[in-house]
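Next come the chains, spelled out residue by residue.
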Amino acid sequence: SKEIPSLHYAFRDNFKIGAAVHTGLIRTEGDFIARHYNSITAENQMKFEEIHPEEERYSFEAGDEIVDFAVRNGMSVRGHTLVWHNQTSDWVFQDPAGGTASRELLLSRLKSHIDTVVGRYKGQISAWDVVNEAIEDKTDLTMRDTKWLQILGEDYLLEAFRLAHAADPQALLFYNDYNETDPVKREKIYELVKGLLEKGAPIHGIGMQGHWNIHGPSIEDIRMAIERYASLNVQLHITELDLSVFRHEDRRTDLIEPTAEMMELQEQRYEEIFRLFLEYQASITSVTFWGTSDHYTWLDNFPVRGRKNWPFVFDQQRQPKESFSRLLNAAKGS
Ligand code: G3I
């Protein structure tokens, strides 16, 4: 409605405000999305298995619809994601005989994929998550043990960034990961990106996913991660922000609405977190929520399938929550 201020307009002097979308949302709540967000990311529809399901077949309908919507409404698009261990079809890593693809074959597929996908949206997608979640977060190992690593070795990251840069020299290229405020993983991410920069990789930023909850991580841990990454002189994008009302280990399923206590914690946290982001607005150039409103979130199916969650600043009717007002307070610096 008319009286509700626009969220992205409130932060117009600070950073982009984005949302993860899919074509269904664009069709049913496009006006709402365009009013409050000035950047969008495809939640799934540009991932390898969706946009390139078979070796000789790309499927650009959904991606095109999302990019066209953004162009029509003067919004930015973040491309998500070119190289990931998830949502990538098995054929990518197989040879024609059903064995494991050779290094040469996988490299040539990586090149075709990046040339074709980045090339299609050249000039329209301003930032790409080139490599997603390549760091191991359970053991002492640095790199996650993926097919990309097994077949190509660690240089697959450098190669992916070079290919993306060649396909669209104007696009900003990001390494994107989660648990990014954990001190151990933070250092692994820092060292990885530092090493890539030293090798001359065209990498322009670090994506901090921001899948947090109403209890943690602490503002201090978030601050230390921002400072550490920013010390590499790269841009920071918050790429997938949501504040779950449950701790990760909490598996309870009895709630049909959030408790008042949960909402108060969420309001406080949203305000503190955005005040923190504003302190670092020289580095943070974009803040994207991993959804548009509590009407739909991937957290409704994670970690418990079918359990509702309420992680955003708009409610299930797309109306502003108290958290939304807290963001406006933060924006005003009051
Ligand atoms: O489209 C299929 C449908 O055909 C099928 O019948 C149905 C049954 O399971 O699943 C549908 O696919 C689901 C897909 O989302 C599209 O809705 C998958 O099961 C489901 O696993 C998939 O989840 C996505 C998840 O990535 C998969 O890795 C979430 O929506 C998406 O929010 C999530 O996003 C990731 C980021 O890309 C990277 N960072 C973490 C973030 C959260 O996990």
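Everything quoted here is computed from the prediction, not taken from an experiment.

Some points on the overall build of the protein chain
- Secondary structure summary: the protein chain contains 11 helices and nine strands in total.
- Here the C-alpha radius of gyration of the protein chain, 20 Å, is about what a compact globule of 334 residues would show, namely 20 Å.
- Scored against the burial criterion, the 334 residues of the protein chain give a buried share of 43%.
- Of the contacts formed within the protein chain by residues at least 6 apart in sequence, a portion of 73% connects residues at least 24 apart.

Topic: the site of the ligand
- Within the structure, the ligand sits among Glu43, Asn44, Asn86, Gln87, Asn132, Tyr178, Gln209, Glu240 and Trp298.
- Classifying every residue of the shell around the ligand gives two nonpolar, five polar and two charged.

Some words on the environment of Ala20
- Within the secondary structure layout, Ala20 lies in strand 1 (residues 16-21).
- Counting along the chain gives 139 residues from Ala20 to Glu159, while the straight-line C-alpha distance between them is 27 Å.
- When neighbours within four sequence positions are excluded, Ala20 is seen to be in contact with Thr41, Glu43, Glu240, Thr288, Phe289, Trp290 and Gly291.

Regarding the packing of helix 2 (residues 23-36) against helix 4 (residues 61-72)
- Packing of helix 2 against helix 4 leaves a shortest axis separation of 9 Å and a crossing angle of 35°. Crossing handedness for the pair helix 2 and helix 4: left-handed. Contacts between helix 2 and helix 4 involve Thr23, Ile26 and Gly30 on the former and, on the latter, Ala62, Glu65, Ile66 and Phe69.
- Taken together, the residues that form the contact of helix 2 with helix 4 break down as four nonpolar, two polar and one charged.

Here's the deal with the pairing of strand 1
- Judged by how many residues are buried, strand 1 sits mostly within the fold: six of six residues are covered.
- Every second residue of strand 1 is oriented toward a common face, with Lys16, Gly18 and Ala20 on one face and Ile17, Ala19 and Val21 on the other, all of them buried.
- Across four bridges, strand 1 lies against strand 2 (residues 39-42) in parallel orientation. The residue of strand 2 that forms the bridge with Ala19 is Ile40.
- The β-α-β motif built from strand 1, the intervening helix 2 and the parallel element strand 2 has right-handed crossover chirality.

Observations concerning the pairing of strand 2
- Residues Ser39 and Thr41 line one face of strand 2 and the alternating positions Ile40 and Ala42 line the opposite face, and both faces are buried.
- Here strand 2 runs beside strand 3 (residues 76-83); their pairing, made up of three bridges, is parallel. In the sheet register, Ile40 faces strand 3, and the bridge partner there is Val77.

Section: the nonpolar core
- Ranked by internal contacts, the top residues of the largest apolar core, which has 83 residues, are Trp128, Val130, Ala160 and Ala164.
- No other element matches helix 7 (residues 156-167), which puts seven residues into this core.

Notes on the packing of helix 9 (residues 219-230) against helix 10 (residues 260-279)
- Look at helix 9 against helix 10: their axes get within 11 Å of each other, and the N-to-C directions meet at 25°. One element, helix 9, and the other, helix 10, form an angle in the roughly parallel class. Crossing of helix 9 over helix 10 shows right-handed handedness. Here Ile219, Ile222 and Arg223 of helix 9 come into contact with helix 10, specifically with Glu272, Ile273 and Leu276.
- In terms of residue class, the contact of helix 9 with helix 10 is built from four nonpolar, no polar and two charged.

A word on helix 5 (residues 103-120)
- Here helix 5 spans 25 Å end to end across 18 residues, near enough to the 26 Å set by a 1.5 Å rise per residue.
- Regarding helix 5, the residues found buried are Leu106, His113, Ile114, Val117 and Val118. For helix 5, the buried positions fall inside an angular range of 100° around the axis, keeping them on one side. Exposed residues lying more than 90 degrees from the buried face of helix 5 are Glu104, Ser108 and Gly119.

Criteria and cut-off values
- Residues numbered from 1 in each chain as written.
- Predicted model: local features only at pLDDT ≥ 70, side-chain atom pairs only at ≥ 80, totals over all residues.
- Helix = DSSP H or I, 4+ residues; strand = E, 2+ residues; numbered from the N terminus.
- Rg over C-alpha atoms; globule rule 2.2 N^0.38 Å.
- Buried ≥ 20, exposed ≤ 12 C-beta atoms within 10 Å, placed from the backbone.
- Contact = placed C-beta atoms within 7 Å.
- Near = placed C-beta within 6 Å.
- Nonpolar A, V, L, I, M, F, W, Y, C, P; charged D, E, K, R; others polar.
- Axes fitted to C-alpha atoms, helices over the stretch in contact; angles between N-to-C directions.
- Left-handed = near helix turned anticlockwise from the far one by under 90°.
- Pairing = 2+ DSSP bridges.
- Right-handed = clockwise from strand over helix to strand, strands pointing away.
- Core = buried A, V, L, I, M, F, W, Y, C linked by C-beta atoms within 7 Å.
- Parallel < 35°, antiparallel > 145°, perpendicular 65-115°, else oblique.
- Expected span 1.5 Å × (residues − 1).
- Arc of directions from axis to C-beta.

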